[in-house]
Amino acid sequence: MNREMPIFQPKDAAYAERVHASFVLQQAMTLIGAELAVVEPGYTEIHLPFKPEITQQHGVIHGGVVGMIADSAAGYAANTLTPADTSVLTVEYKLNLVAPADGDRLVARGEVIKPGRTLLITRAEVFAVKQEQWTLCAVMQQTIMAMHGKKERV
């Protein structure tokens, strides 16, 4: 899948290491088996392999899990653009489930639309990948709050 996005300059040279370290702290991502696969300025990808434990009654990955990885992918995209002493928190998001999350894996692509000092606007797309066929299954728009001077727990 090709993508075009704006070029952002991170405010922290060690943004990738900081974002990866934060992802490790999210035990919810560990619980579902998600991996932070790509970290670039203003963009991240979370990959999630299919597991029966995260499906709903029709055998596809549950919409709540789709929302989890969309939220985290877009939130971490925002976090790539914040200063080193700043953590982020979701203020709100709107998720549209547009197709069943029926795949061997899901790929959530989060990107920054508009970086701001306090509020960052992001979006995510989640794809179900089955036998290398990519199907868009969710789209999300999100508002992130930058919490300056507030580090994450360690």
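As a reminder, the structure under discussion sits directly above these lines.
Report on the accompanying structure. Residue numbering note: each chain is counted from 1, following its sequence as written. Since the coordinates come from a predicted model, pLDDT governs what is reported: local features require at least 70, and pairs of side-chain atoms require 80 or more to be given and counted, while whole-chain, interface and lining totals use all residues. Working from all heavy atoms in the structure, the side-chain values ignore hydrogens and water.

**Overview of the side chain of T80**
You can see T80 is positioned in the loop between α3 (63–79) and β3 (86–97). At a separation of 2.7 Å, a polar atom in the side chain of T80 contacts the main-chain amide nitrogen of G42. For T80, the residues in contact, after removing those within four places along its chain, are P10, Y15, V19, V39, E40, P41, G42, Y43 and T44. Under the scheme used here, helices are H or I runs from DSSP no shorter than 4 residues and strands are E runs no shorter than 2 residues, and both carry numbers assigned from the N terminus. In the analysis that follows, any N or O atom pair within 3.5 Å is treated as a polar contact, provided that within protein one partner can donate a hydrogen and the other can accept it, and provided that, for residues neighboring in sequence, both atoms belong to side chains. Any two residues whose heavy atoms approach within 4.5 Å are treated as being in contact.

**Some details on empty space enclosed by the protein**
Site definitions follow a grid-based scheme: protein atoms alone, a 1 Å grid, a 1.4 Å probe that fits but cannot get out for cavities, and for pockets an open set with protein on both sides within 12 Å along at least five of seven lines, plus lining residues having an atom within 4 Å of a point. Grid points are joined across faces, edges and corners, and a volume is the space filled by probe spheres set on the points. Applying the stated criterion across every chain, the model contains one cavity of 30 Å³ or more. Taken as a whole, the largest cavity encloses approximately 30 Å³ of empty space. As for the largest cavity, its lining consists of K11, L81, T82, P83, G116, R117, L120, A146 and H148. The class makeup of the residues in the lining of the largest cavity is four nonpolar, three polar and two charged. Each residue gets one of three labels, nonpolar for Ala, Val, Leu, Ile, Met, Phe, Trp, Tyr, Cys and Pro, charged for Asp, Glu, Lys and Arg, and polar for the others, Gly among them.

**Thoughts on the layout of surface pockets**
Considered as a void within the structure, the largest pocket measures approximately 260 Å³ in volume. Lining of the largest pocket is provided by 15 residues; of these, Q26, Y76, V88, L89 and T90 occupy positions nearest its centre. Looking at the lining of the largest pocket, the elements with two or more residues in it are α3, β3 and β6 (133–148). The space that makes up the second largest pocket amounts to roughly 220 Å³. Around the second largest pocket, the lining comprises 12 residues; the ones closest to its centre are R18, S22, A84, K151 and E152. If you list the elements that add at least two residues to the lining of the second largest pocket, you get α1 (15–25) and β3. Per-element tally for the lining of the second largest pocket: the top contributor is α1, with four residues. Broken down by class, the residue content of the lining of the second largest pocket amounts to four nonpolar, four polar and four charged.

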